[in-house]
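Coordinate inspection notes
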Amino acid sequence: MKIGFIGLGNVGGKLAGSLIRNGHDVTVRDLDDALVQSFVARGARAASSPRELGEAVDLIVTCLPSPAASSVVSEGPDGFLPALGPGKVWLEMSTTDHSEVIRLGALVEATGAMMMECPVSGGCHRADTGNIAIFAGGRREAFEFVLPVLTTMGRRILHTGELGTASQLKVMTNFLCTVHLVALAEALTVCQAAGMDMNTVYEAIRISSGNSFVHETESQIILNGSRDINFTMDLVVKDVSLFDTIARQNHVPVELSPLIVDIFRKGVAAYGPREHSPNIIRRYEEPLGIKVLGTGFPAEMVDDEPEEAGYEIVPRR
């Protein structure tokens, strides 16, 4: 199977790297030519446009920062939609609006091709080793076609149902991660202000009912001081706003969701859209004139689990 990959950023580049590392035939496209050339050096081919890429491959994978970017590469003047047809699949791995996925899916189906939405969850460090989780929404026929590719890029693969379901689940998990991050920012700052040893605080949370995936990853980056988890505040605002929209569309009287959106919008206003998302802790540190730090924590997360073949997760019934 010939695979085309569009979007070689923090997540997409790592997913594409897993495909190349495992021997897949990959053609790449990105606006950053230096990134493209680095993948060519690793064995990929380069395409000069999304259309050219679409014409050369059986499976198109996109991993882009916004629904607008996905629309440009698919529907734009040099978009790949006209290159689609029977036997081809578009695999959308961006975190996007579920209604937009459904709209684009109808355009894809009209060409005779199939579409799957496959956002990932688990952090860039796990994307780098092929151990990330993948939510897959779309027809079962399309899911089975792309499953061998998904199990190369990820460890645990969940078929979530029809097109649109994976995007909704992805923004839900990102909302939960963001709630955990804000709660940890407050908890860690309170402990620092109270004069506690922050390495001891980290372990107390890790071994207790207060633990979470976010604590075991982002708290370490916070306590190191780098605050670099390869995710920025503007992306948090996009994701939690998508979740908040789903809640409002379904008339759910949520309380935390609007608060989290507001906290990160204020973070963007104060620190800029490209500030590292864990630096939301600055909202609590700076009024006190303190810095929440420990010792011996890593500057970035690295997945120490060996790369393993992925497999499908089947929900219990």
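You'll find the structure just up there.
Presented here is an overview of the structure given in this document. Since the structure is predicted, the reported quantities are computational estimates derived from the model, not experimental observations.

This next bit is on the overall build of the protein chain. Within the protein chain, the secondary structure is distributed over 13 helices and 10 strands. Compactness check: the protein chain gives a C-alpha radius of gyration of 20 Å against a globular reference of 20 Å for 317 residues, within 12% of the reference. Dimensions along the principal axes, computed over C-alpha positions, put the protein chain at roughly 65 × 45 × 40 Å. Scored against the burial criterion, the 317 residues of the protein chain give a buried share of 51%. The contacts of the protein chain with a sequence gap of at least 6 include a subset with a gap of at least 24, amounting to 69%. For the protein chain, the exposed area adds up to about 14000 Å²; of that, 55% sits on carbon and sulfur atoms.

For the rest of this paragraph, the subject is helix H8 (residues 165–193). Its 29 residues give H8 an end-to-end C-alpha distance of 42 Å, which sits within 8% of 42 Å, the value for a rise of 1.5 Å per residue. Gly195 lies just past H8 and shows a positive phi near 85°.

A few words on the nonpolar core. With 34 residues, the main nonpolar core has Phe5, Leu15, Leu91, Met93, Ile134, Leu150 and Met153 as its most contacted residues. In terms of residues, this core owes the most to one element, helix H7 (residues 140–153), which gives seven residues. With sequence-adjacent residues up to four places away left out, Met93 is seen in contact with Leu15, Val61, Thr62, Cys63, Cys118, Pro119, Val120, Ile134 and Met153. Core analysis: the second largest hydrophobic core is formed by 33 residues, Val171, Leu181, Ile222 and Met233 among them.

Right, let's get into the packing of helix H4 (residues 67–75) against helix H5 (residues 98–110). Between two packed helices, the angle of one axis relative to the other and the distance separating the axes together describe the packing. One can describe the packing of H4 onto H5 by two numbers: an axis separation of 11 Å at closest approach and a directional angle of 10°. Overall, the two elements H4 and H5 adopt an arrangement that is roughly parallel. Judged by residue contacts, Pro67, Ser71, Ser74 and Glu75 of H4 engage Glu100, Arg103, Leu104 and Leu107 from H5. In the contact of H4 with H5, the residues fall into three nonpolar, two polar and three charged.

Inspection of the secondary structure assignment puts Asp244 in helix H11 (residues 233–249). If we ignore the near neighbours within four places in the chain, the residues touching Asp244 are Val254, Ser257, Pro258 and Val261.

Looking now at the packing of aromatic side chains. Enumeration according to the criterion identifies three aromatic pairs in this entry. Centroid distance Phe175 to Phe243: 4.2 Å. Interplanar angle 10°. Geometry classified as stacked. In this pair, Phe175 is assigned in helix H8 and Phe243 in helix H11, connecting sequence segments 68 residues apart. With a centroid separation of 5.1 Å and 65° between ring planes, the pair formed by Tyr202 and Phe297 is classed as edge-to-face. Separated by 95 residues along the polypeptide, Tyr202 in helix H9 (residues 198–206) and Phe297 in the loop between helix H13 (282–285) and strand S10 (311–313) bring together distant segments of the chain. Take Phe297: its relative accessible area is 13%, and that puts it in the buried class. The positively charged end of Arg42 is found above the aromatic ring belonging to Phe39, 4.6 Å away from the centroid.

At Arg227, a position not held by glycine, the phi torsion is positive, near 60°. Here Arg227 lies in the loop between helix H10 (213–224) and H11. The buried category is assigned to Arg227, whose relative accessible area is 0%. Phi is positive for His251, close to 60°, though the residue is something other than glycine. Checked against the element boundaries, His251 lands in the loop between H11 and helix H12 (256–271).

Thresholds, definitions, all that
Residues numbered from 1 in each chain as written. Predicted model: local features only at pLDDT ≥ 70, side-chain atom pairs only at ≥ 80, totals over all residues. Heavy atoms only, no water. Helix = DSSP H or I, 4+ residues; strand = E, 2+ residues; numbered from the N terminus. Rg over C-alpha atoms; globule rule 2.2 N^0.38 Å. Buried < 20%, exposed > 50% of the residue type's maximum accessible area, 1.4 Å probe, protein only. Contact = heavy atoms within 4.5 Å. Areas by Shrake-Rupley, 256 points an atom, 1.4 Å probe, with all protein chains shown as cover. Expected span 1.5 Å × (residues − 1). Core = buried A, V, L, I, M, F, W, Y, C linked by side-chain atoms within 4.5 Å. Axes fitted to C-alpha atoms, helices over the stretch in contact; angles between N-to-C directions. Parallel < 35°, antiparallel > 145°, perpendicular 65-115°, else oblique. Nonpolar A, V, L, I, M, F, W, Y, C, P; charged D, E, K, R; others polar. Phe/Tyr/Trp six-rings, centres within 6.5 Å; stacked < 30°, edge-to-face > 60°. Lys NZ or Arg CZ within 6 Å of the ring centre and 35° of its normal.

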